Amino acid sequence: MLVPGKPANEAARIDALHGLNLDSAPEERFDRLTRLAKRLFNVPIALVTLVDKDRQWFKSCVGLDATETSRDVSFCGHAILQNELMLVPDALEDLRFHDNPLVTGAPNIRFYAGYPLTVPDGNKMGTLCLIDTKPRHLDDEERALLRDLAEMAEQELMAVQMASMDELTLLSNRRGFKQLAQHALDACARLNRPATLLFFDLNDFKQINDLYGHAEGDSALKTFADVLRIAFRESDVVGRLGGDEFVALLTGSSHVETTTIMARMKEILEERNATLHRGYAIRFSVGQIEYDPTRHETVDRLLADADGAMYAHKQALKGC
């Protein structure tokens, strides 16, 4: 048996998956797709799978009692490494799967066909897949039909993602940030790792809107979001809370690492200010709070403390 590898962008992919917050009860929007796939292809099992760090779980499942399996034995862990259909006509004749426990035992997989489900940022979350207990093939028309059903599943994932994403900057919105940040803080609490929250507020942003128009204000917000996206690590949680307020949660970072990232961010922002040749420069105030699990039971409490630190920073700048 061949254990599936990991995508190059695995950390960002897992963060994006957790941001969807789909590890919940079945939903009709996905169930109708698996029912349709099962009927159209006359297979005993059809699934919408989501591949997490160590497991794959089924957002929708018809024909199978299980709700998840280990990622190590999953077919879908292999499928998300591809851009197109992964087809296994007979698992017993495939070196990757011939001795897989899902093949040699229940549910006795012989045939597998799975399309990776990709969200707009390019991350592959899981698959829409068909499973049969006997070998079979798909002709060109059937492959196209499965691709169409997978695109419908991708549209549903996109709808979920957009509900937690800021449309202007394509960063997580307040809802999405809080979901991702809570996952990250729970992990830090379990592993006794540090975390730091940075709360950003653009200085004189109202003046940009008043003097240059709201289109220019939107452009400034997108520029600042791009700077955050470049400066911070894939493992950091970055979001726009609303208006001109942004946040970044750094996990497992030392004070030196945080200082280095902030210096890199300021350098990148200065480069953008210089090359865009605007009549203004984007500037910001920042509040920094170290995560304390005894005080910050929730993300909201951590945000409130960071907001207070950012306000104190603004007042200090006015006094200079």
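Residues numbered from 1 in each chain as written. Predicted model: local features only at pLDDT ≥ 70, side-chain atom pairs only at ≥ 80, totals over all residues. Heavy atoms only, no water.

The protein carries the name Sensor domain-containing diguanylate cyclase in an unreviewed UniProt entry, which gives Pseudomonas triticicola as its organism.

**Digging into the sheet that holds strand β8 (residues 237-242)**
Under the convention used in this document: For two strands to pair, DSSP has to find at least two bridges joining them. In DSSP terms, a helix is any run of H or I states spanning at least four residues, a strand is any run of E spanning at least two, and both are numbered starting from the N terminus. Lines fitted to C-alpha atoms define the axes here, with helix axes fitted over just the stretch in contact, and angles between the N-to-C directions of these axes take values from 0 to 180 degrees.
The sheet built from four strands is open, its strands ordered β8-β9-β7-β10 with antiparallel pairing. One side of each edge strand has no neighbouring strand; the edge strands of this open sheet are β8 and β10 (284-290). When strand polarity is set aside, the average angle formed by the axes of neighbouring strands in this sheet is 20 degrees. The sheet contact formed by strand β7 (residues 195-202) and strand β9 (residues 245-251) spans seven bridges and is antiparallel.

**Remarks on the packing of helix α1 (residues 10-20) against helix α6 (residues 174-191)**
So the rule is basically this: By convention, the crossing between two helices is left-handed when the near helix turns anticlockwise from the far helix through less than a right angle, and right-handed when the turn is clockwise. Residue contacts follow a heavy-atom distance rule, with two residues in contact if any of their heavy atoms lie within 4.5 Å. We call Asp, Glu, Lys and Arg charged. Ala, Val, Leu, Ile, Met, Phe, Trp, Tyr, Cys and Pro are nonpolar, and the rest, Gly among them, are polar.
Contact geometry of α1 with α6 gives a least axis separation of 8 Å together with a crossing angle of 120 degrees. Considering only the axes of α1 and α6, their crossing is right-handed. Together, D15, H18 and G19 of α1 and Q179, L180 and H183 of α6 make up the contact between the two elements. Split into classes, the residues belonging to the contact of α1 with α6 amount to one nonpolar, four polar and one charged.

**Focus on helix α7 (residues 205-212)**
Note the threshold: Burial status follows relative accessibility: with a 1.4 Å probe on protein chains alone, a residue under 20% of its type maximum counts as buried, one over 50% as exposed, and anything between as partly exposed. Arc, as used here, means the arc of the directions from the helix axis to the C-beta atoms.
Every buried residue of α7 is accounted for by F205, I208 and N209. Projected onto a plane normal to the axis of α7, the buried residues spread over an arc of 95 degrees and lie on a single side. For α7, the exposed residues lying more than 90 degrees away from the buried face are K206, D210 and L211. Contacts made by the buried residues of α7 are with β7 and α8 (214-231).

**Section: the pairing of strand β2 (residues 55-62)**
The element β2 is largely enclosed, with a buried count of seven among its eight residues. The pairing of strand β1 (residues 45-51) with β2 spans six bridges and is antiparallel. Bridged to V51 within β2 is Q56. Here β1 folds back onto β2 in antiparallel fashion, the turn holding three residues. When β2 meets strand β3 (residues 68-70), the two strands line up antiparallel, connected through three bridges. Across the sheet, residue Q56 finds its bridge partner in β3, namely T69.

**A word on the nonpolar core**
Note the following rule: By nonpolar core we mean a set of buried residues, namely Ala, Val, Leu, Ile, Met, Phe, Trp, Tyr and Cys, connected to one another through side-chain atoms within 4.5 Å.
Residues L22, M125, L130, L138, L146 and L157 are the most contacted members of the largest nonpolar core, which totals 31 residues. Of all the secondary-structure elements, those providing two or more residues to this core are α1, α2 (28-41), β1, β2, β5 (111-118), β6 (124-132) and α5 (140-162). Here this core gets six residues from one element, more than from any other, and that element is α5. L146 has contacts with F41, L85, A113, Y115, L128, L130 and L138, leaving out every residue within four places of it along the chain. With 27 residues, the next largest nonpolar core counts I208, F224, F246 and F284 among its residues.

**Brief notes about the packing of aromatic side chains**
Inclusion rule: Centres within 6.5 Å make a pair out of two Phe, Tyr or Trp rings, where for Trp the six-membered ring is used; the pair is then stacked when the planes are under 30 degrees apart, edge-to-face when over 60, and tilted otherwise. Whether a charge sits over a ring comes down to the Lys NZ or Arg CZ being within 6 Å of the ring centre and within 35 degrees of the ring normal.
In total, this model carries eight aromatic pairs according to the counting rule given. Connected via pairs of aromatic rings, a cluster forms that spans F200, F224, F232, F246 and F284. One residue, R136, lies across the ring of F111, its end atom 5.3 Å from the ring centre. Taking NZ or CZ as reference, R147 lies 4.6 Å from the ring centre of Y115, over its face.

**Brief notes about unusual backbone geometry**
Here the bond from A106 into P107 is cis, since omega is 10 degrees, no more than 30 degrees from zero. As for its placement among the helices and strands, P107 is situated in the loop between α4 (101-104) and β5. You will see that N108, though not glycine, has its phi angle at about 60 degrees, which is positive. Take N108: it is sitting in the loop between α4 and β5. Its relative accessible area of 37% is what places N108 among the partly exposed residues.

**Points about the sheet that holds β5**
Taken in spatial order, the six strands make up an open sheet running β3-β2-β1-β6-β5-β4, and their pairing is antiparallel. Only two strands of the sheet have a single partner each, and these edge strands are β3 and β4 (86-88). In this sheet, neighbouring strand axes are inclined to one another by 25 degrees on average, regardless of whether the strands run parallel or antiparallel. Pairing of β4 with β5 involves three bridges; the strand directions are antiparallel. For L87, the partnering residue across the bridge sits in β5 and is A113. Strand contacts of α5: β4, β5 and β6, with the helix running at about 40 degrees to β5, the strand carrying the most contacts.

**Description of the packing of α7 against α8**
Let me state the cut-off plainly: For classification purposes, an angle smaller than 35 degrees is called roughly parallel, one larger than 145 roughly antiparallel, one from 65 to 115 roughly perpendicular, and anything else oblique.
The geometry of α7 relative to α8 is characterised by a closest axis approach of 7 Å and an angle of 140 degrees between their N-to-C directions. Classified by the angle their axes make, α7 and α8 are oblique. Residues F205, I208, N209 and Y212 of α7 form the contact with α8, whose participating residues are H214, E216, G217, A220 and L221. The class makeup of the residues in the contact of α7 with α8 is five nonpolar, three polar and one charged.

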